[in-house]
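One-letter residues, chain by chain:
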Amino acid sequence: MAANEVEYEPKSVKVLLAEMKDTAELLIDLSYSAVLLGSDDVAQEVLALEEKMDILQLRARMSILMAARSPADAEALAPVLGIVGAAEKISDAAGDIAKIVLEDIGLPPEMRAALPDAMETLVRAEVATDSPLTETTLGELNLETETGVRALALRRADDWLLNPDANTHLQSGDVVLFRGPEDGITSVYADATGETYDPPESVESESTDLDRAVDSIVLMKDMGELAVDLAYGAILFDSEDVAEEVFELEAEVDALKSRFEAWTLRAASRVQEPVSLRGLVQLATSTEIISDAALEISEGVLRGLSTHPVVREAVYESDEVIVRLAVEAGSELDGTTLGSKEVKTETGMRVIAVRHTGDEDGGEWDISPGPETPLAAGDVVLAKGTRAGADRLAELTA
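Not measured: the values here are computed from a predicted model.

(A) A look at the environment of T287. Note on placement: T287 falls in helix α10 (residues 278–302). Since its relative accessible area comes to 1%, T287 is described here as buried. A sequence separation of 70 residues divides T287 from I217, and the C-alpha atoms of the two residues are 7.6 Å apart. With residues near it in sequence (within four places) discarded, T287 still touches Y32, I217, M220 and K221.

(B) Local environment of a negative patch on the surface. Where like charges cluster on the molecular surface, the negative patch consists of E240, D241, E244, E248, E252 and E364. Positionally, E244 belongs in helix α9 (residues 240–268).

(C) Just the side chain of T336, in detail. You can see T336 is positioned in strand β6 (residues 336–337). Reaching out from T336, the side chain makes a polar contact with the backbone oxygen of L333 at a distance of 2.9 Å. Setting aside chain neighbours within four positions, we find T336 in contact with K341, T373, P374 and L375.

(D) Spatial organisation of the packing of aromatic side chains. On inspection of all chains with the given rule, the structure shows 1 aromatic pair. A cation over a ring is seen here: K21 above Y232, with NZ or CZ 5.3 Å from the ring centre. Taking NZ or CZ as reference, R212 lies 5.0 Å from the ring centre of W263, over its face.

(E) Up close: the sheet that holds strand β3 (residues 159–161). Here we have 4 strands laid out as an open sheet, ordered β1-β4-β2-β3, and antiparallel in their pairing. With one partner strand each, in any of the chains shown, β1 (121–126) and β3 form the two edges of the open sheet. If you compare each strand with its neighbour and ignore which way they point, the axes differ by 15 degrees on average. As defined by bridge partners, strand β2 (residues 150–156) adjoins β3 across 3 bridges and the pair is classed as antiparallel. Each bridged residue has a counterpart across the sheet, and for R156 the counterpart in β3 is D159. Seen against the sheet, helix α1 (residues 13–37) touches β1, β2 and β4 (175–180) and runs at an angle of roughly 90 degrees to β1. Strands β1 and β4 of the sheet are contacted by helix α7 (residues 182–193), whose axis makes an angle of about 5 degrees with β1.

(F) Spotlight on the pattern of salt bridges. Evaluation of the coordinates by the stated rule reveals 21 salt bridges. The partner of R155 in a salt bridge is E45, with the nearest N and O atoms 2.6 Å apart. On the criterion of sequence distance, the pair formed by R155 in strand β2 and E45 in helix α2 (residues 40–67) is long-range, its members being 110 residues apart. The partner of R212 in a salt bridge is D209, and the shortest N-O contact between them spans 3.1 Å. Taken together, the residues span about one helical turn, with R212 and D209 both in helix α8 (residues 209–236) at a distance of 3 residues. Look at R212 and you get partly exposed, because its relative accessible area is 34%. Judged by relative accessible area, D209 falls into the buried class, the value being 8%. Through salt bridges that share partners, K21, E25, D229, R350 and K384 make up one connected network.

What counts and how
- Residues numbered from 1 in each chain as written.
- Predicted model: local features only at pLDDT ≥ 70, side-chain atom pairs only at ≥ 80, totals over all residues.
- Heavy atoms only, no water.
- Helix = DSSP H or I, 4+ residues; strand = E, 2+ residues; numbered from the N terminus.
- Buried < 20%, exposed > 50% of the residue type's maximum accessible area, 1.4 Å probe, protein only.
- Contact = heavy atoms within 4.5 Å.
- Patch = residues over 30% accessible without salt bridge, like charges linked within 9 Å, V, L, I, M, F, W, Y side chains within 5 Å.
- Areas by Shrake-Rupley, 256 points an atom, 1.4 Å probe, with all protein chains shown as cover.
- Salt bridge = Lys/Arg side-chain N within 4 Å of Asp/Glu carboxyl O.
- Lys, Arg positive; Asp, Glu negative; His and termini not counted.
- Charge placed at Lys NZ, Arg CZ, Asp CG, Glu CD.
- Polar contact = N/O pair within 3.5 Å; in protein donor to acceptor, adjacent residues only side chain to side chain.
- Phe/Tyr/Trp six-rings, centres within 6.5 Å; stacked < 30°, edge-to-face > 60°.
- Lys NZ or Arg CZ within 6 Å of the ring centre and 35° of its normal.
- Pairing = 2+ DSSP bridges.
- Axes fitted to C-alpha atoms, helices over the stretch in contact; angles between N-to-C directions.

Here it is in structure tokens:
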């Protein structure tokens, strides 16, 4: 068989879906980080993962087709195929974002000035021979607690490990993707590589049409990532309410894209080289595709098709878990705010939505929770992070 040919393997659909979910989410992080850093190395990692995703989606489709033996099976598995296609769409969009860097299409400096405020720092680090990180396991290093930095994934030769856990040993030559606050990244990167981490230089600019176009893309990015998280939450908990929020977010991104186009056309008349905006246009297009894919993930729930058990299990068993917890009376979170309890710092979990059941609006989801978001008994919290973080958050709500 040729190296680029794919054959059917008797592999669980659940395992394939979980790996596709983790890969898609990692690709989103990596692709925007490649733009922020202007890094060909990070962009190349995106293309390598995109190629892996192509194989995963082919094998997932084969396994799903093998499982369909009746009209009832076809009806139950149709949304699963939609989820596979959506993950592939996210992968392709991430690849297109990486090509902005690799093909030197170019981005205005305003874009790199805006992105650092919209995302945590992510770096690619190749572990040096004398790195102290190779002497013990990730669990013993306790990076997340000590520095706030998490090892998202590592590549050893051509093999990817998307969910390094407490028992994972780093080896010399491993390529590790770390994400976290800049202070923590600085120390972890130095320990891993023996080199100094140089953050991207900040760029100051006046408020112009181009700045407004860039702001639109940053908001599109935030909404697209939130939509993907909520979409997986919708299928995990079979929640039509959450799926409706994904629908609304996708419509918001479409509206932002229209505004972006208007600001960009106005800016083009004022820049010396309008062709330099081509990378910005490609970035906006790819960002919109990610939100479209989120809607496809949740489409089965929106259309009243029950989530197939294999999908629910795949989402639950993936690298980053999504949990839905009710705040109980007398718990540590009852009568507080997300900021006052430092939920993200204490648990590492990112709260992506809160439903205030006592609200006059009938308990609609708040999809933009921040430090000032109040919590009270009966509120429902939707959060994303590691299993250890989920356990800690459960303690705070109980």
